[in-house]
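# Descriptive structure summary
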Amino acid sequence: MEKISTVTGVAVPLRRSNVDTDQIIPAVFLKRVTKTGFDDALFHGWRQDPDFILNQPAYQDARVLVAGPDFGTGSSREHAVWALRDFGFQVVISSRFGDIFRGNAGKQGLLAALVAYEDIERIWEVVEAAPGMPVTVDLVERTVSAGELTVPFEIDDYTRWRLLEGLDDIGLTLREEEAIAEFEQHRAAWRPTTLPIREPAEAGN
Amino acid sequence: MTASSERPRTLAEKVWDDHLVKQGEDGTPDLIYIDLHLVHEVTSPQAFDGLRLAGRPVRRPDLTIATEDHNTPTLDIDKPIADLTSRTQIETLRRNAAEFGIRLHSLGDKEQGIVHVVGPQLGLTMPGITVVCGDSHTSTHGAFGAMAFGIGTSEVEHVLATQTLPLKPFKTMAITVEGTLRPGVTAKDIILAVIAKIGTGGGQGYVLEYRGSAIRALSMDGRMTICNMSIEAGARAGMVAPDETTFAYLKGRAHAPEGDDWDAAVEYWKTLPTDEGAEFDAEVFIDADALEPFVTWGTNPGQGVSLSETVPDPAAIDDQHERAAAERALEYMDLRPGVPLKEIKVDAVFMGSCTNSRIEDLRAFASIVAGKQKADGVRVMVVPGSARVRLEAEAEGLDKVFEAFGAEWRFAGCSMCLGMNPDQLAPGERCASTSNRNFEGRQGKGGRTHLVSPLVAAATAIRGTLSSPWDLEQAVTEAEAK
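All values derive from a computational prediction rather than experimental measurement.

Turning to the overall build of chain A, a few remarks are in order. Across its full length, chain A carries 7 helices and 7 strands. Secondary structure of chain A in N-to-C order comes out as β-α-β-α-β-α-β-α-β-β-β-α-α-α. Counting only C-alpha atoms, chain A reaches 70 × 40 × 30 Å along its principal axes. Going through the 205 residues of chain A one by one, you find that 42% of them count as buried. When contacts within chain A are restricted to residue pairs at least 6 apart in sequence, long-range pairs at least 24 apart make up 72% of them.

The number of helices and strands found in chain B is 16 helices and 19 strands. Its C-alpha atoms give chain B a radius of gyration of 22 Å, within 12% of the compact-globule value 23 Å for 482 residues. Principal axes of the C-alpha set define a box for chain B whose edges measure 60 × 55 × 45 Å. Residue burial in chain B is summarised as follows: out of 482 residues, 62% are buried. If you take every contact in chain B between residues at least 6 apart in sequence, the share linking residues at least 24 apart comes to 76%.

Turning our eyes to something else, we now look at the interface of chain B and chain A. Contact residues are listed per partner, giving 74 residues for chain B and 57 residues for chain A. With 7 residues, the top contributor of residues to the side of chain B that touches chain A is helix α5 (residues 153-162) of chain B.

Residue and element names in this part refer to chain A. Overall, mixed pairing links the 7 strands, which are arranged β4-β3-β2-β1-β5-β6-β7 in an open sheet. Edge positions in the open sheet fall to β4 (111-114) and β7 (149-152), since each of these has one partner strand only. On average, adjacent strands in this sheet sit at an angle of 30 degrees to one another, irrespective of strand direction. Bridge count between strand β5 (residues 134-138) and strand β6 (residues 143-146): 3 bridges; the pairing is antiparallel. Of the residues in β6, the one forming a bridge with Thr-136 is Ser-145. Here helix α4 (residues 117-129) sits on the sheet in contact with β1 (6-14), β2 (62-67), β3 (91-94), β5, β6 and β7, set at roughly 150 degrees to β7.

To continue, consider unusual backbone geometry. The omega angle of the peptide bond from A:Leu195 to A:Pro196 is -5 degrees, so this bond is cis rather than trans. Residue placement: A:Pro196 occurs in the segment after α7 (177-185). In this structure, B:Asp334 takes a positive phi of about 55 degrees despite not being glycine. Position of B:Asp334 relative to the elements: it lies in the loop between α11 (320-333) and β15 (348-351).

This part takes up the pairing of β3(A). Residue and element names in this part refer to chain A. Where burial is concerned, the two faces of β3 agree: the one with Val-91 and Ile-93 and the one with Val-92 and Ser-94 are both buried. When β2 meets β3, the two strands line up parallel, connected through 3 bridges. Paired with Leu-65 across the strands is Val-92, a residue of β3. Remark: the β2/helix α2 (residues 79-87)/β3 crossover connection has right-handed handedness.

Close inspection of predicted coordinates is inappropriate for parts of the model with low pLDDT. Per-residue confidence for chain B gives a mean pLDDT of 96, with 97% of residues at or over 70. Scored by ipTM, the complex comes to 0.93, with pTM at 0.95.

What follows deals with the packing of helix α12 (residues 359-369) of chain B against helix α14 (residues 398-405) of chain B. Residue and element names in this part refer to chain B. Close contact between α12 and α14 brings their axes to 10 Å; oriented N to C, the two are set at 45 degrees. One finds that α12 runs oblique with respect to α14. Considering only the axes of α12 and α14, their crossing is left-handed. Here Leu-362, Arg-363, Ala-366 and Val-369 of α12 come into contact with α14, specifically with Leu-398, Val-401, Phe-402 and Phe-405. Each residue belonging to the contact of α12 with α14 can be placed in one class, and the counts come to 7 nonpolar, no polar and 1 charged.

Turning our attention to the sheet that holds strand β4 (residues 64-67) of chain B. Consider a sheet: its strands pair through backbone hydrogen bonds, and that pairing is either parallel or antiparallel. All names here are of chain B. Pairing is parallel across the open sheet formed by 5 strands, whose spatial order is β5-β4-β3-β6-β7. Only two strands of the sheet have a single neighbouring strand rather than two, namely β5 (103-105) and β7 (147-150). Between one strand axis and the next, the sheet turns through 20 degrees on average, direction left out of account. Pairing of strand β3 (residues 36-39) with β4 involves 3 bridges; the strand directions are parallel.

Residues A:Leu65, A:Val66, A:Val92, A:Ile93 and B:Val349 are the most contacted members of the largest nonpolar core, which totals 202 residues. In terms of residue count, helix α6 (residues 187-198) of chain B provides more of this core than any other element does, 8 residues in total. Excluding residues within four positions of it along the chain, A:Val92 makes contact with A:Leu65, A:Ala67, A:Phe71, A:Leu84, A:Ala105, A:Leu110 and A:Ala112.

So, on to the environment of B:Glu408. Residues and elements named next belong to chain B. Turning to its location among the elements, Glu-408 is positioned in strand β17 (residues 408-409). Residue classification places Glu-408 among the partly exposed positions, given that 15 C-beta atoms sit within 10 Å. When the C-alpha atoms of Glu-408 and Asn-421 are compared, they prove to be 16 Å apart, with 13 residues separating the residues in sequence. With sequence-adjacent residues up to four places away left out, Glu-408 is seen in contact with Val-380, Met-381 and Val-382.

This brings us to the packing of α12(B) against helix α15 (residues 454-463) of chain B. Residue and element names in this part refer to chain B. Between α12 and α15, the shortest axis-to-axis distance is 8 Å and the interhelical angle comes to 30 degrees. It follows from the interaxial angle that α12 and α15 lie roughly parallel. Considering the relative orientation of α12 and α15, their crossing is right-handed. Where α12 abuts α15, its residues Asp-361, Ala-364, Phe-365, Ile-368 and Val-369 lie against Pro-454, Leu-455, Ala-457, Ala-458, Ala-459, Ala-461 and Ile-462. Per-class residue counts for the contact of α12 with α15 are 11 nonpolar, no polar and 1 charged.

Residues and elements named next belong to chain B. Among the structural elements, Ile-344 can be located in the loop between α11 and β15. Under the C-beta neighbour-count criterion, Ile-344 is labelled buried, with 22 such atoms within 10 Å. With 47 residues separating them along the chain, Ile-344 and Trp-297 place their C-alpha atoms 10.0 Å apart. If we skip the residues at most four places from it in the chain, Ile-344 touches Val-339, Thr-465 and Leu-466.

So, about α6(B). Residues and elements named next belong to chain B. Compared with an ideal rise of 1.5 Å per residue, which puts 12 residues at 16 Å, α6 spans 17 Å between its outermost C-alpha atoms and is within 8% of the ideal. Where burial is concerned, most of α6 is hidden: 10 out of the 12 residues are buried. Where α6 is concerned, the buried positions are Ala-187, Lys-188, Asp-189, Ile-190, Ile-191, Leu-192, Ala-193, Val-194, Ile-195 and Ile-198.

This part covers the environment of B:Ala241. Residue and element names in this part refer to chain B. Mapped onto the fold, Ala-241 is located in the loop between β11 (237-239) and α9 (244-250). Overall, Ala-241 belongs to the buried group, with 21 C-beta atoms counted inside 10 Å. C-alpha separation for the pair Ala-241 and Gly-128, spaced 113 residues apart in sequence, amounts to 9.3 Å. Contacts of Ala-241, omitting those with residues within four sequence positions, involve Leu-11, Gly-145, Leu-272, Pro-273 and Thr-274.

Thresholds applied
Residues numbered from 1 in each chain as written. Chains lettered and ligands numbered in written order. Predicted model: local features only at pLDDT ≥ 70, side-chain atom pairs only at ≥ 80, totals over all residues. Helix = DSSP H or I, 4+ residues; strand = E, 2+ residues; numbered from the N terminus. Buried ≥ 20, exposed ≤ 12 C-beta atoms within 10 Å, placed from the backbone. Contact = placed C-beta atoms within 7 Å. Rg over C-alpha atoms; globule rule 2.2 N^0.38 Å. Pairing = 2+ DSSP bridges. Axes fitted to C-alpha atoms, helices over the stretch in contact; angles between N-to-C directions. Right-handed = clockwise from strand over helix to strand, strands pointing away. pLDDT = per-residue confidence, 0-100. Parallel < 35°, antiparallel > 145°, perpendicular 65-115°, else oblique. Left-handed = near helix turned anticlockwise from the far one by under 90°. Nonpolar A, V, L, I, M, F, W, Y, C, P; charged D, E, K, R; others polar. Core = buried A, V, L, I, M, F, W, Y, C linked by C-beta atoms within 7 Å. Expected span 1.5 Å × (residues − 1).

Below you can see the structure in the form of structure tokens.
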């Protein structure tokens, strides 16, 4: 994963709440077995409308998405993060995120910045006044700056550290190999195993 | 955590504590051991690729099981899958399972089905374990008193490689449902009412524990319906404390413990219910006596009301986001404020999905439609959750009931719950669906979804407009006679 410390780029004001991951990427695009090439699928339903904000010329090189509350709710599909990333987004700002989406974002180097709703409205006002203006998101200082406006954002310390360092979770966990093996030594015999395959003693239900 | 055993703990805290491989320090997450990892074709290919690239094996194939459900057709399952990208994804899972030594139940196998139906029916889902799957409806398995939650593909790879996940502890919320459901009101109506009450974001960061007399009275199938939709309230997981209903369901299932292991398990499982005096971070109360059949009118699962009401007027909603969302939802759903919900005509009825496709759901649907004819012009699909549920239903003759009614009786899979396989709504079509999400385009581009219980789906299929068994005199009599 690449390190992130600051991102400067065009911010898109997406004045919608409850943007579920089915809207970010419809299920029909989840059939692919690759991890890239999802940029065309991003907001596919909404992009059929020529007036949709991402279709406007000022926002073609967008890096920062500024959305209403409850962004990324619903399905666990990590494809939502991949699609945002493939389109060019490096930061998503909302006042509330779906838990699974936020987790997925952190694993893939997409910064999910939690900003108070009043401040999101202020950012919207600033960037709507000058469509295509760049904003700066500073992960070290935990701030979003747009023109004269600077507002704070929240992100948990651990995710911030991993993003700043560009660290891979699996590598970190494998350092705990001994503790995992030790835990497995004491796993009770009644706990489930899928192998060997067993047949029911009698018809269930 | 030995220290914490001194103070009263919730069910969720007990399961968490018993899976701590390493406690986090200085803001780092805890490392949690995963007892059971369920895999399907959609969210796993990139995870297996990641393992291959890093040269890592699957740490515990014996704690991992895969099935094919999202992409699979529910007709002509003996023929090659027509959609090439779907076929590629299924074939990729088969290759990955073979390469990494993972048990797979493929289309045509008697244990194939929706991943959240397969785990419980095999007896793999049990109290006090941790369950993950690259699917948000993994919360279903919490009905057994397991800690079960959906994860993304990066986490799927993480679990395959390490059998653990780094996690911050969740907060706990008690959802207490007291009283007795009236005939015609079901587990689905409880959970739709809960989501309407706390909102689609109300559960974020929480594990919900469903408690109270109305929950205790539910079967395992009903409890699974409720836990399944915890994610629609934003929660990672939902749980119900294990009890005799849980033990009776598990006993004798293929992978349930046997002999001394069974006795040891039950002894442990009985220690799991939340201790007297344990504190929840939040509490919600629902009066079961007052519940009516419920239906959604909008495009998120929190936009629901009792079926006896009218389409709400966005102008009457105080919160500006809720109001804007309601306005957009009514436009998408092509509905006007003030219209009685019972006057809304549907084009299709979908009976299925990981929320409502178990044998009891099919029995409930059959109890209403038996001996009747579906409304003219309404397409009715009945899709069992697993191949085993299909066999069981056929052994009881339910397939004959459905076919005589005019419904299509299909093979197992996710089907019309999500627009990913051939079962989809056409643009503009309206569907009463027993599934879990009414998002824009969820059941097919431009499709309109009303989430309902199996009983409401059945009554709607008969009348052609959103209806409950209460609208069918005879059905009410039958339900009361039960």
